[in-house]
Amino acid sequence: MSNESKITKAEKEKYIIQFKNVTQRYPNGTKALKNVNLNIEKGEFVFIVGASGAGKSTLVKLLMREEKICGGELRVNGFDLKRMSSFRVPILRRTVGVVFQDYRLLPKLTAYENIAFAMHMIGEPKSEIDKRVKAFLRLVNLDDKANSFPHELSGGEQQRVALARAVINKPAIILADEPTGNIDPMMSVEMMELLCKFNKWGTTVVVVTHDKNLVDYYSKRVVTINNGKITSDKQGGMFDED
């Protein structure tokens, strides 16, 4: 019998994301994460920071259940990611809106269609799709770009389309993986302000980044990962230099 401590009922009720002694090991023997313990409450805004190769990408993959943890426990919005069956993974992903560094927009669809696609996938009626997509295009200041294709948009505009697509189904969590990596400083601030706005509406926001200036500017919780371990966890903290 394992002597690992288990996630308690009280913890399950309090936290929307829970890593408990999580270890991730790859076939070549590399440990990407080492006994990681991390709790994030509903409605929190958290930066996950660290150098390249620190374990941030692995953490994102685990949260999306692109990989299954090797050891420990991981719960996201009530889902047990270690024990859940593969057919339930799409259900989990509907509750987590992801914004990727490379946008991942569908090139043959307009901005409107890219955002609407996420609603079509869960069978929303056409009238509701049209109403909500138009509202979110206004929210991200792109109502005049509704009929533009991705190649006709700037990097910042593409990222705002990606954000609107991520939040259109009202997820419990927004996971932003290097959301400002390919856009200029002015657009970076605009992106962060939108994420802060969604957070104020009650959405839990997790931003994975290596952008020191961005992290230092916003007084949010900062979790630092170094060599697969959490080395710092500060409320209103600064980007630790390791």
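Right above here is the structure, for reference.
The following paragraphs examine the structure supplied in this document. (Residues numbered from 1 in each chain as written. Predicted model: local features only at pLDDT ≥ 70, side-chain atom pairs only at ≥ 80, totals over all residues. Heavy atoms only, no water.)

**A short note on the nonpolar core**
Here is step 1 of the chain: Formed by 43 residues in total, the largest nonpolar core has its most connected members in Phe45, Phe47, Val133, Leu163 and Leu195.
Here is step 2 of the chain: Mapped onto this core, the elements with two or more residues apiece are β3 (45-49), α4 (111-120), α5 (126-139), α6 (155-167), β7 (173-177), α7 (185-200), β8 (204-209) and α8 (212-217).
Here is step 3 of the chain: Looking at which element gives the most residues to this core, the answer is α7, with 7 residues.
Here is step 4 of the chain: Phe45 has contacts with Met192, Leu195, Cys196, Asn199, Val205, Val207, Lys220 and Arg221, leaving out every residue within four places of it along the chain.
Here is step 5 of the chain: Listed in part, the 33 residues of the second largest apolar core include Ile40, Ala54, Val98 and Val208. (Core = buried A, V, L, I, M, F, W, Y, C linked by side-chain atoms within 4.5 Å. Buried < 20%, exposed > 50% of the residue type's maximum accessible area, 1.4 Å probe, protein only. Helix = DSSP H or I, 4+ residues; strand = E, 2+ residues; numbered from the N terminus. Contact = heavy atoms within 4.5 Å.)

**Here we look at the sheet that holds strand β1 (residues 15-25)**
Here is step 1 of the chain: Judged by pairing direction, the sheet is antiparallel, and its 4 strands sit side by side in the order β2-β1-β4-β5 without closing on themselves. Edge positions in the open sheet fall to β2 (31-41) and β5 (79-80), since each of these has one partner strand only.
Here is step 2 of the chain: Sitting on the sheet, helix α2 (residues 56-63) touches β1, β2 and β4 (71-76), and the angle it makes with β1 is about 120 degrees. (Pairing = 2+ DSSP bridges. Axes fitted to C-alpha atoms, helices over the stretch in contact; angles between N-to-C directions.)

**Quick word on the sheet that holds strand β10 (residues 229-234)**
Here is step 1 of the chain: If you walk across this open sheet you meet the 6 strands as β6-β7-β8-β3-β9-β10, and the pairing is mixed. Only two strands of the sheet have a single partner each, and these edge strands are β6 (96-99) and β10. Direction aside, the axes of adjacent strands within the sheet are offset by 20 degrees on average.
Here is step 2 of the chain: One ladder, built from 4 bridges, connects β6 with β7; its direction is parallel. Counterpart to Gly97 in the pairing with β7 is Ile174.
Here is step 3 of the chain: Across the sheet, α7 touches β3, β7 and β8, and the angle it forms with β3 is around 135 degrees.

**Topic: unusual backbone geometry**
Here is step 1 of the chain: Positive phi, close to 50 degrees, is recorded for Asn77, a residue that is not glycine.
Here is step 2 of the chain: Its place among the elements puts Asn77 in the loop between β4 and β5.

**Topic: α4**
Residue pairs spaced three or four apart in an α-helix point in one direction, given the helix's 3.6 residues per turn.
Here is step 1 of the chain: Restricting attention to buried positions, one finds in α4 the residues Ala111, Asn114, Ile115, Ala116, Ala118 and Met119.
Here is step 2 of the chain: Where α4 is buried, its residues touch α5 and α6.

**So, a nonpolar patch on the surface**
Here is step 1 of the chain: There is a patch of nonpolar side chains on the surface, built from Leu106, Phe117, Met121 and Ile122 and spanning about 350 Å² of accessible area.
Here is step 2 of the chain: As for its placement among the helices and strands, Ile122 is situated in the loop between α4 and α5.
Here is step 3 of the chain: Since its relative accessible area comes to 35%, Ile122 is described here as partly exposed. (Patch = residues over 30% accessible without salt bridge, like charges linked within 9 Å, V, L, I, M, F, W, Y side chains within 5 Å. Areas by Shrake-Rupley, 256 points an atom, 1.4 Å probe, with all protein chains shown as cover. Salt bridge = Lys/Arg side-chain N within 4 Å of Asp/Glu carboxyl O.)

**Digging into the side chain of Thr180**
Here is step 1 of the chain: Structurally, the position occupied by Thr180 is in the loop between β7 and α7.
Here is step 2 of the chain: Not counting residues within four places of it along the chain, the set of residues in contact with Thr180 comprises Ser188, Met191, Asp211 and Leu214.

**A look at the packing of aromatic side chains**
Here is step 1 of the chain: The tally for this structure, following the rule as stated, stands at 4 aromatic pairs.
Here is step 2 of the chain: Ring geometry for Phe136 versus Phe198: centroids 6.4 Å apart, planes at 10 degrees, classification stacked. Within this pair, whereas Phe136 is found in helix α5, its partner Phe198 is found in helix α7, the two being separated by 62 residues in sequence. Here Phe136 matches Phe198 in class, with each residue buried.
Here is step 3 of the chain: Aromatic ring contacts, followed pair by pair, group Phe136, Phe198 and Trp201 into a single cluster.
Here is step 4 of the chain: Over the face of the ring belonging to Phe100 we find Arg104, whose NZ or CZ atom lies 3.7 Å from the ring centre.
Here is step 5 of the chain: Its end group placed over the ring of Phe45, Lys220 keeps NZ or CZ at 5.0 Å from the ring centre. (Phe/Tyr/Trp six-rings, centres within 6.5 Å; stacked < 30°, edge-to-face > 60°. Lys NZ or Arg CZ within 6 Å of the ring centre and 35° of its normal.)

**So, the side chain of Ser188**
Here is step 1 of the chain: Relative to the assigned elements, Ser188 resides in helix α7.
Here is step 2 of the chain: For Ser188, a relative accessible area of 6% puts it in the buried group.
Here is step 3 of the chain: Apart from the residues within four sequence positions on either side, Ser188 is in contact with Thr180, Ile183 and Leu214.

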